[in-house]
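# Chains, contacts and geometry: an overview
Below, each chain spelled out in residue letters.
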Amino acid sequence: MRIHQTAHLSMRGREFQMIGLMELDTGKNEARLVGLNEFGVKLFDLEVTENDVTEHYLLPQISRFPQLSEAVGLSLRRIFLFPAPAPDQDALSYSAGGYRLAGDRGEQKVLFQFGGDPVRLIEKTVYQGPEHWRVVFFDYQKSPQGDYPGRILLEDRQAGYRLELNIESVRIKDEPTEN
């Protein structure tokens, strides 16, 4: 599926805005993201899997920010790829009008909250161990391919950043584009 998004990143008092075009393959657990500035200049082209980030392109001026590719890749991985709910291994509970799946992923504790009508993923949180972050999914939109969140917020308290995504459109890969 192809996703067109705008991103707003806040890192300890600094603000960044970019446009991203992402191809997400949920079957392979892979994502490819091309980031552009507001003038359409390509900043980077990254491929992300559960365990790796491959740089296909990095604007030379961007390379002065150490480990930017890894940080972007980590954010994509957290939002779209991993961790994922595992109903066969996570404990299911019901509280406050929603469902929760909770489990362990190595040293980490994970929590997935579902709610709404129809029931959708609302939040995923990783805590304990080396990381503490959460992703919140808002403003679900209807499309022929299924519902998708119109806004996504990633907060990493330890690293001190907040990433807001506004999903502008979602298309199946072979679906024709509008003229």
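My aim in this report is to walk through the structure given alongside it, one point at a time.

### Thoughts on the overall build of the protein
- When helices and strands are tallied, the protein shows one helix and twelve strands.
- Mapped in sequence order, the helices and strands of the protein form the string β-β-β-β-β-α-β-β-β-β-β-β-β.
- Split into buried and exposed, the 179 residues of the protein put 38% on the buried side.
- As displayed, the protein has an accessible area near 10600 Å², and 51% of this comes from carbon and sulfur atoms.

### What about the packing of aromatic side chains?
- Here the structure, examined in full by the defined rule, presents one aromatic pair.
- In this arrangement the basic side chain of Arg151 is found over the ring face of Phe138, its NZ or CZ atom lying 4.8 Å from the centre.

### Brief notes about the pairing of strand 6 (residues 91-95)
- Taken across its five residues, strand 6 has zero buried, putting it largely on the surface.
- Bridge count between strand 6 and strand 7 (residues 98-105): five bridges; the pairing is antiparallel. Its bridge partner lying in strand 7, Ser93 is registered against Arg100.

### As for the pairing of strand 12 (residues 161-171)
- Of the pairings in the sheet, the one linking strand 11 (residues 148-156) to strand 12 comprises six bridges and is antiparallel in character. Across the sheet, residue Ile152 finds its bridge partner in strand 12, namely Leu165.
- A loop of four residues connects strand 11 with strand 12, the two strands running antiparallel in sequence, and Gly160 in this loop sits at a positive phi of about 75°.

### Let's talk about the nonpolar core
- Core analysis: the biggest nonpolar cluster contains 34 residues, and Phe44, Ile79, Phe80 and Ile152 have the highest contact counts within it.
- Contact partners of Ile152, with chain neighbours within four places excluded, come to Ile79, Phe80, Val135, Val136, Phe137, Leu163, Glu164, Leu165 and Ile167.

### Topic: the layout of surface pockets
- The computed volume of the second largest pocket comes to approximately 530 Å³.
- Lining the second largest pocket are 26 residues, and of these Phe80, Leu121, Phe137, Tyr140 and Pro149 lie nearest its centre.
- Contributing elements (two or more residues each) for the lining of the second largest pocket: helix 1 (68-81), strand 8 (108-115), strand 9 (120-127), strand 10 (133-141), strand 11 and strand 12.

### Re helix 1
- End to end, helix 1 covers 19 Å across 14 residues, agreeing with the expected 20 Å (1.5 Å per residue, within 8%).
- For helix 1, the tally of buried residues reaches ten of 14 residues, placing the bulk of the element in the interior.
- Residues Ser69, Val72, Gly73, Ser75, Leu76, Arg77, Arg78, Ile79, Phe80 and Leu81 constitute the buried set of helix 1.

### Remarks on unusual backbone geometry
- With an omega of 5°, the peptide bond between Phe82 and Pro83 qualifies as cis.
- Locating Pro83 in the fold gives a position in the loop between helix 1 and strand 6.
- Pro118 follows Asp117 through a cis peptide bond whose omega is 5°.
- Topologically, Pro118 is positioned in the loop between strand 8 and strand 9.
- Although it is not a glycine, Asn29 sits at a positive phi angle of roughly 55°.
- Along the chain, Asn29 turns up in the loop between strand 2 (14-25) and strand 3 (30-36).
- Although it is not a glycine, Asp139 adopts a positive phi angle of roughly 45°.

Cut-off values and rules
Residues numbered from 1 in each chain as written. Predicted model: local features only at pLDDT ≥ 70, side-chain atom pairs only at ≥ 80, totals over all residues. Heavy atoms only, no water. Helix = DSSP H or I, 4+ residues; strand = E, 2+ residues; numbered from the N terminus. Buried < 20%, exposed > 50% of the residue type's maximum accessible area, 1.4 Å probe, protein only. Areas by Shrake-Rupley, 256 points an atom, 1.4 Å probe, with all protein chains shown as cover. Phe/Tyr/Trp six-rings, centres within 6.5 Å; stacked < 30°, edge-to-face > 60°. Lys NZ or Arg CZ within 6 Å of the ring centre and 35° of its normal. Pairing = 2+ DSSP bridges. Core = buried A, V, L, I, M, F, W, Y, C linked by side-chain atoms within 4.5 Å. Contact = heavy atoms within 4.5 Å. 1 Å grid on protein atoms, 1.4 Å probe; cavity = no way out; pocket = protein on both sides within 12 Å on 5 of 7 lines; lining within 4 Å. Points joined across faces, edges and corners; volume = space filled by probe spheres on them. Expected span 1.5 Å × (residues − 1).

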